[in-house]
Amino acid sequence: MTAPTPLIAGNWKMNGLTASLAEARAISEGVSGAKARVAICPPAVLIHQMSQALAGGPVLIGGQDAHTDESGAFTGDVSAEMLADAGASMVILGHSERRDGYRETDELVARKSLAALRAGLEPIVCVGETLEQRKAGQALEVVTGQVRASLPPELLGKAFAIAYEPVWAIGTGLTPSIDEIEEVHLAIRATLIEMFGDAADKAPILYGGSVKPANAAEILHAAEVGGALVGGASLKAADFLGIVRAL
Ligand code: 13P
């Protein structure tokens, strides 16, 4: 099996104004020699300016969500085609903050993944268990169930990534043990191979949830961890670069 090229993506969530482009420039200037593909997923309104500011550089740009449809009467929504038109090459889908806050289901996330493919974007599909589910011993069942139901068969042979983000580890400073991370990542890989066969070897499985420069090396070198999806620590170039360099 060939290890997929790692991906380290910063999810800026609802943070960042035009002034934050300076942070993105500092990230772009600091990533040379990185062993991973590096991406920033800023708020949608910053994508166009960021793609211009970082044009020709090594950093990829992504969205944080996309509608299922290409266009239409969906007030406030942004389509995958719009993200691509603004300069994105990937998109985070099914983040727990959207599954929880906007009642996004696996079925909807699968349809959004199809929209991403239609627009030529690489989907980063997020999965992860709650603390209650982990305590009840259901983490593997929940996560592999989300993987099965959130990834459409059309992803076969296409570039995509999974992000395992335990809900209880997001923004809390808590992280699972390395053994727990490896157990879930191995289960996700086995599920991907069941679904897509050997082609699934190429999809990186990112870990997300309180990744910091101090814990990045240990996490990034764990079995089947193919990069990281970083929230808070991606907002400051020094911290994000510290994570990128930990690989
Ligand atoms: P934190 O790194 O802030 O815990 O957020 C993780 C996350 O949700 C990335 O998508």
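As the structure is a computational prediction, the values presented were derived from the model and not from experiment.

Quick question: what am I supposed to make of the site of the ligand here?
If you check the shell around the ligand, you find 13 residues, and the closest are Lys13, His95, Glu165, Gly171 and Ser210. Here glycine 171 contributes a backbone N or O atom positioned 2.6 Å from an oxygen atom of the ligand. With respect to the ligand, the backbone of glycine 231 contributes an N or O atom lying 2.9 Å from an oxygen atom. Here the ligand loses 96% of its free accessible area of 310 Å² to cover by the protein chains. The residue makeup of the shell around the ligand, split by class, is 4 nonpolar, 7 polar and 2 charged.

Please explain the sheet that holds strand 2 (residues 37-41) as it appears in this structure.
Pairing between the strands of a sheet is mediated by backbone hydrogen bonds and can be parallel or antiparallel. Taking strand neighbours around the barrel as the criterion, the 8 strands line up as 1-2-3-4-5-6-7-8 in a closed arrangement whose pairing is parallel. Pairwise comparison of adjacent strand axes, ignoring direction, gives a mean angle of 25° for this sheet. Taken together, the 2 bridges between strand 3 (residues 60-63) and strand 4 (residues 90-93) define a ladder with parallel strand orientation. Bridge pairing links glycine 63 to valine 91 in strand 4. In the packing of helix 10 (residues 237-244) onto the sheet, contacts are made with strand 1 (7-11), strand 2 and strand 8 (227-230), and the angle to strand 1 comes to roughly 160°.

I keep staring at the nonpolar core and nothing clicks. Help me out?
Grouped together as the largest cluster of nonpolar side chains are 63 residues, with contacts concentrated most on Leu151, Ile162, Ile188 and Leu192. Those residues in contact with leucine 192, other than ones at most four positions away along the chain, are Val147, Leu151, Phe160, Ile162, Gly197, Ala200, Ala203 and Ile205. By size, the runner-up hydrophobic cluster in this structure holds 12 residues, among which are Ala39, Cys41, Ile124 and Leu206.

I'm lost on unusual backbone geometry in this one. Help?
Positive phi values are uncommon outside glycine, yet lysine 13 reaches one of about 50°. Checked against the element boundaries, lysine 13 lands in the loop between strand 1 and helix 1 (21-30). Phi at serine 210 is positive, roughly 60°, even though this residue is not glycine. Along the chain, serine 210 turns up in the loop between strand 7 (205-208) and helix 9 (213-220). A residue is classified by how much of its surface remains accessible, and serine 210, at 8% relative accessible area, is buried.

Honestly, the pattern of salt bridges in this entry has me stumped. Any pointers?
Oppositely charged side chains may form a pair once their charged atoms are brought near each other. If you walk through the whole model with that rule in mind, you get 13 salt bridges. Measuring nitrogen to oxygen at the nearest pair gives 2.8 Å for the salt bridge that ties glutamate 97 to lysine 13. You can see glutamate 97 sitting in helix 4 (residues 96-101) and its partner lysine 13 sitting in the loop between strand 1 and helix 1, a full 84 residues away along the chain. On the basis of relative accessible area, glutamate 97 is assigned to the partly exposed category, the value being 37%. Overall, the relative accessible area of 21% leaves lysine 13 in the partly exposed class. One network of salt bridges, in which partners are shared, links Asp65, Arg98, Glu104 and Lys112.

Quick question: what am I supposed to make of the environment of arginine 103 here?
Mapped onto the elements of the fold, arginine 103 is located in the loop between helix 4 and helix 5 (106-118). Here the alpha-carbon distance between arginine 103 and glutamate 183, two residues 80 residues apart in the chain, equals 27 Å.

Just checking my understanding: could you explain helix 2 (residues 44-53) for this structure?
Quick reminder: α-helices carry 3.6 residues per turn. Residues three or four places apart thus point the same way. Taken together, the buried positions of helix 2 are occupied by Leu46, Ile47, Met50 and Ser51. Buried residues of helix 2 fall within an arc of 135° about the axis and therefore sit on the same side. Residues of helix 2 that are exposed and angled more than 90 degrees away from the buried face: Val45 and Gln52. In this structure, the buried side of helix 2 is in contact with helix 1, strand 2, strand 3 and helix 3 (80-86).

I keep staring at the pairing of strand 5 (residues 122-127) and nothing clicks. Help me out?
Regular strands have side chains that alternate between both faces of the sheet. Buried residues dominate strand 5, accounting for 6 of its 6 residues. The two faces of strand 5 match: Glu122, Ile124 and Cys126 on one face and Pro123, Val125 and Val127 on the other face are all buried. One ladder, built from 4 bridges, connects strand 4 with strand 5; its direction is parallel. Residue isoleucine 92 lies in a different strand from strand 5, and its bridge partner there is isoleucine 124.

Is there a simple way to think about the side chain of serine 96 in this case?
Within the secondary structure, serine 96 is located in helix 4. Excluding residues within four positions of it along the chain, serine 96 makes contact with Gly101, Val167 and Ile170.

I tried to follow the environment of valine 147 on my own but got confused; where do I start?
Within the element layout of this structure, valine 147 appears in helix 7 (residues 139-150). The exposure class of valine 147 is buried, given its relative accessible area of 1%. As a C-alpha pair, valine 147 and methionine 195 span 48 residues in sequence and 9.5 Å in three-dimensional space. Those residues in contact with valine 147 that lie beyond four places of it in its chain are Val127, Ile188, Thr191, Leu192 and Met195.

How each quantity is defined
Residues numbered from 1 in each chain as written. Predicted model: local features only at pLDDT ≥ 70, side-chain atom pairs only at ≥ 80, totals over all residues. Heavy atoms only, no water. Near = heavy atom within 4 Å. Polar contact = N/O pair within 3.5 Å; in protein donor to acceptor, adjacent residues only side chain to side chain. Areas by Shrake-Rupley, 256 points an atom, 1.4 Å probe, with all protein chains shown as cover. Nonpolar A, V, L, I, M, F, W, Y, C, P; charged D, E, K, R; others polar. Pairing = 2+ DSSP bridges. Helix = DSSP H or I, 4+ residues; strand = E, 2+ residues; numbered from the N terminus. Axes fitted to C-alpha atoms, helices over the stretch in contact; angles between N-to-C directions. Contact = heavy atoms within 4.5 Å. Core = buried A, V, L, I, M, F, W, Y, C linked by side-chain atoms within 4.5 Å. Buried < 20%, exposed > 50% of the residue type's maximum accessible area, 1.4 Å probe, protein only. Salt bridge = Lys/Arg side-chain N within 4 Å of Asp/Glu carboxyl O. Arc of directions from axis to C-beta.

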